Amino acid sequence: MSSQRDADHQQIIAQLEQLLEPKRVLTDAESLENWGRDWTRFHTPAPLAIAFPKDINEVQALVRFANEQKLGIVPSGGRTGLSSGAVALNGELVISFDRMNKISDFSPVDRTVRCEAGVITEQLQNFAEEQELYYPVDFASSGSSQIGGNIATNAGGIKVIRYGMTRDWVAGLKVVTGKGEILELNHDLLKNNTGYDLRQLFIGGEGTLGLIVEATMRLVRPPRDLTALLLGVPDMPAVMRVLERFQKAIDLTAFEFFSEKALAKVVEHHPVQRPFESKTPYYALLEFECLNEELMEQAMNLFEECLEAGDVEDGVISQSLSQLENLWKCREYISETITRWTPYKNDISVVTSKVPMFLEEIEQVVNSQYPDFEIIWFGHIGDGNLHLNILKPDALDRDEFLQQCENVSRQVFDIVQQYKGSVSAEHGVGLLKKKWLGYSRSEAEISYMKAIKLAFDPNNIMNPGKMLDV
Ligand SMILES: Cc1cc2nc3c(=O)[nH]c(=O)nc-3n(C[C@H](O)[C@H](O)[C@H](O)COP(=O)(O)OP(=O)(O)OC[C@H]3O[C@@H](n4cnc5c(N)ncnc54)[C@H](O)[C@@H]3O)c2cc1C
């Protein structure tokens, strides 16, 4: 770094320390590395500093200062993102919400509660439980991800088939735009037809329009007597036939799938037992509220029908909460278990009815193009969402691996485009999927998206280079 640039940076850091206080502006190498990236490991973080505001006024002061200095801002939540959305590569200021984690203003009548952006997802789930209510957005990283990050990525998870995505649970938002203005969006109303709903632009906006500082989240009646069935299935089309059969008769709260390769890795690396002795190529995990004997009987009949049809080869049903939790571990531990192989993740979706044909085509490409790579399939297949994970061989260089995966992704995304599917069902675009955005969104749409970005953030300081380039 030139001495002039170094001096400029020192001056900016000194000013940041004045805006907050020195101990809430970190610049040591370990902190820059820790807060400068998300869960992905494809980039080397290089932020200027990490700031930890403790209220909305400090967030606003930071954004105004960044505008004056033309300093990029990377919003940072729990850093569990899987699209390199919270990665700071070019001397940006990382704004972390770790110090803003208060829950307040619970309203039992409205069944809403206010969360600062840094509230951990699990903290909200636990709070809801204490009120005998339920916050249904759930996934394996709930113990670390933050509500601000969940909203910025419109996180989905394992209960979408019944409860929808994060978007469905946001009653109101308080944001600081890229211009430094504070907006209160929707005032927590259930009904509000007064024109464009700007709240929805910030949900899934990946921090490119501004910072989510506070959110009012909706809660719901907790599910009762949850019961899970784990079924061994011979192939992916059979997984879809099982879904169809069960969905016709029972309201499911989850329908997930994973491959034997995924399960083998989980049982090898965790104290988790195989659900049954026989191994099948795929497994379907179904969950429903077993409210009476009749429902249980219906589920068992459907299981028998699937067995007779050859769509299921073995299965087990949970008889207690601990059995339910154990079955879920088989699915929930997959992401974390495969992290050690720096997986290249494709998170693709189509409308559920098209999944069987779509899968057939994707499988053909993957099997012919990735003969030497280990592939781990799992996902929220009841939502039409598949996670295709390619594990990096230890001997292969990271950049070479990324290059090879991207070459095949092009063919995968050609199929996604043909089916009018999404190149990012839930992880977001960030850096990793930016070049593929055009496979899911038209040129006209992208130009409107750019115009929206510049309306909120004319100096392009908010998460610059993520999702799209302006
Ligand atoms: C093991 C594992 C399992 C996962 N399973 C799922 C799953 O099933 N479904 C799913 O949808 N995701 C899943 N994820 C991905 C991830 O957990 C979600 O995307 C989550 O919502 C990210 O939240 P975060 O707080 O960690 O955000 P971060 O990773 O910190 O940031 C994500 C994006 O949001 C922006 N951002 C963060 N906070 C704010 C804010 N306050 N204001 C504006 N922008 C902000 C960041 O700049 C970045 O672009 C999983 C991740 C892991 C590691």
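For the structure itself, look to the data block above.
A brief look at the structure comes next. Everything quoted here is computed from the prediction, not taken from an experiment.

### Structural notes on the side chain of Ser424
Locating Ser424 in the fold gives a position in the loop between α14 (398-418) and α15 (443-456). Judged by its relative accessible area of 15%, Ser424 falls in the buried class. Polar contacts involving the side chain of Ser424 include one to the main-chain amide nitrogen of Gly428, which spans 2.8 Å. The contact partners of Ser424, leaving out residues within four places of it in the chain, are Asp347 and Val429.

### Structural notes on the layout of surface pockets
Each pocket or cavity is described by its volume, and for the second largest pocket that value is around 870 Å³. Taken together, 34 residues form the lining of the second largest pocket, with Asn154, Arg167, Gly204, Ser424 and Arg441 sitting closest to its centre. At the level of elements, α7 (198-202) and α15 are the ones that each hand at least two residues to the lining of the second largest pocket. Of the residues forming the lining of the second largest pocket, the biggest block, five residues, is contributed by α15. Here the residues of the lining of the second largest pocket sort into 14 nonpolar, 13 polar and seven charged.

### A closer look at the nonpolar core
In this structure, Phe246 and Trp377 are the most contacted members of the largest nonpolar core, which totals 57 residues. The dominant element in this core, judged by the number of residues it contributes, is α14, at eight residues.

### Overview of the environment of Glu30
Locating Glu30 in the fold gives a position in helix α2 (residues 29-35). Between the C-alpha atom of Glu30 and that of Ala128, which follows or precedes it by 98 residues, the distance is 35 Å.

### Focus: the packing of helix α8 (residues 236-249) against helix α10 (residues 293-309)
Running from N to C, α8 and α10 cross one another at 155°; their axes reach a closest spacing of 10 Å. Classified by the interaxial angle, the pair formed by α8 and α10 is roughly antiparallel. Crossing handedness for the pair α8 and α10: right-handed. Packed against α8, whose contacting residues are Val242, Arg245, Phe246 and Ala249, the element α10 presents Gln298, Ala299, Leu302, Phe303, Glu305, Cys306 and Ala309 at the interface. Looking at the contact of α8 with α10 residue by residue, the class counts come to eight nonpolar, one polar and two charged.

Analysis parameters
- Residues numbered from 1 in each chain as written.
- Predicted model: local features only at pLDDT ≥ 70, side-chain atom pairs only at ≥ 80, totals over all residues.
- Heavy atoms only, no water.
- Helix = DSSP H or I, 4+ residues; strand = E, 2+ residues; numbered from the N terminus.
- Buried < 20%, exposed > 50% of the residue type's maximum accessible area, 1.4 Å probe, protein only.
- Polar contact = N/O pair within 3.5 Å; in protein donor to acceptor, adjacent residues only side chain to side chain.
- Contact = heavy atoms within 4.5 Å.
- 1 Å grid on protein atoms, 1.4 Å probe; cavity = no way out; pocket = protein on both sides within 12 Å on 5 of 7 lines; lining within 4 Å.
- Points joined across faces, edges and corners; volume = space filled by probe spheres on them.
- Nonpolar A, V, L, I, M, F, W, Y, C, P; charged D, E, K, R; others polar.
- Core = buried A, V, L, I, M, F, W, Y, C linked by side-chain atoms within 4.5 Å.
- Axes fitted to C-alpha atoms, helices over the stretch in contact; angles between N-to-C directions.
- Parallel < 35°, antiparallel > 145°, perpendicular 65-115°, else oblique.
- Left-handed = near helix turned anticlockwise from the far one by under 90°.

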